[in-house]
Amino acid sequence: MAEWWSYRLSDFLLFSPRTYHRLFELYNAAIWPAQVVAVLLGLLMLVLLRRGGPVAGPAVAAILAACWAWVAIAFHLDRYATINWAAPWVAAAFLAQAALLVWAGAIGGRLSAPPRLDAAGRAGVGIFLFALLLQPAIGLLLGRPWRQAEIFGVAPDPTAIGTLGLLLALAGPSRWVLMVLPALWCAATGATLWTMSAPDSWVAPALALLTLALAAGQALMRR
């Protein structure tokens, strides 16, 4: 038996890149037109963030919670679990994030829309717009069909990245707690894509690191 240090990360991959991307194609076909609803909800969150007021923070948190719960059940449990034995555990983490968003933002009122976005907040909006509008096109640029596109609100990667962007734009004492699971998912999906030699494997981890760095700088500036 080979020693444990002789194993590479790719030795633990349970599926091929073709199987992974085909999974999104079947998933998108099964849930249509939920993708349209998810994008509209994303645009609604931008409107809420721009208008501000006492309802904006809780409303954005509630919508994000619904997105994380959807991805946990419809994607991880119903689809991803067919090719990855760890998917139920990931689904539990996504449901935990949904519960945290409800507890801290929707009910606890620990998230709010600032009256004016600073530089980091504007960068957060930019990161969210990337997840909402540009990330679905990455697959097309890499030669994959549009049917395999990953859409914010119904697919895990753009949902995690978009959540980090919105949390960067919002204010409140619970932001750091709410950033933990999305950042961990970005690291995990980056590792998965890297083992598949995907050219875009760096995107999610890089944006997560950028968000955390901007949030740290923002916190220092506010002090």
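Residues numbered from 1 in each chain as written. Predicted model: local features only at pLDDT ≥ 70, side-chain atom pairs only at ≥ 80, totals over all residues. Heavy atoms only, no water.

Trainee: Help me understand the overall build of the chain, please; the structure alone is not making it clear to me.
Mentor: The helix and strand inventory of the chain stands at 8 helices and 0 strands. From first element to last, N terminus to C terminus, the chain shows the α and β order α-α-α-α-α-α-α-α. Its C-alpha atoms give the chain principal-axis dimensions of about 55 × 40 × 30 Å. For the chain, the residues scored as buried account for 48% of the 223 residues in total. Excluding contacts between residues fewer than 6 apart, the proportion of contacts in the chain whose partners are at least 24 apart in sequence is 76%. As displayed, the chain offers around 11,300 Å² of accessible surface, 70% of which is attributable to carbon and sulfur atoms. In the chain, the 14 positive side-chain charges and the 8 negative ones have mean positions that sit 14 Å from each other. (Helix = DSSP H or I, 4+ residues; strand = E, 2+ residues; numbered from the N terminus. Buried < 20%, exposed > 50% of the residue type's maximum accessible area, 1.4 Å probe, protein only. Contact = heavy atoms within 4.5 Å. Areas by Shrake-Rupley, 256 points an atom, 1.4 Å probe, with all protein chains shown as cover. Lys, Arg positive; Asp, Glu negative; His and termini not counted. Charge placed at Lys NZ, Arg CZ, Asp CG, Glu CD.)

Trainee: What is the right way to read helix H3 (residues 56–77) from this model?
Mentor: Three or four residues apart is the spacing at which side chains of an α-helix point the same way, because the helix has 3.6 residues per turn. Counted at 1.5 Å a residue, the expected span for H3 with its 22 residues is 32 Å, and the 31 Å between its end C-alpha atoms agrees. Along H3, the sharpest change in direction is near 25° and occurs at valine 71. (Expected span 1.5 Å × (residues − 1). Bend = angle between axes of the 7 residues up to and from the residue.)

Trainee: Looking at this model, I keep getting lost on unusual backbone geometry. Mind explaining?
Mentor: If a residue is not glycine, its phi is most likely negative; likewise, a peptide bond is most likely trans. The peptide bond linking tryptophan 32 to proline 33 adopts the cis configuration, its omega dihedral lying at 5°. Following the sequence through the fold, proline 33 ends up in the loop between helix H1 (17–31) and helix H2 (34–51). Phi angles above zero are rare outside glycine, and serine 197 is one such case at about 60°. Tracing the sequence through the fold places serine 197 in the loop between helix H7 (175–195) and helix H8 (203–222). With a relative accessible area of 63%, serine 197 lands in the exposed category.

Trainee: Explain H8 to me, please; I cannot follow it from the model alone.
Mentor: Over its 20 residues, H8 runs 28 Å from end to end, which matches the ideal 28 Å to within 8%, given 1.5 Å per residue. Of the positions making up H8, those classed as buried are Val203, Ala204, Leu207, Ala208, Thr211, Ala215 and Gln218. For H8, the angular spread of the buried residues around the axis is 125°, confining them to a single face. Among the exposed residues of H8, those oriented more than 90 degrees off its buried face are Leu209 and Leu220. In this fold, the buried residues of H8 make contact with helix H5 (119–141), helix H6 (156–169) and H7. (Arc of directions from axis to C-beta.)

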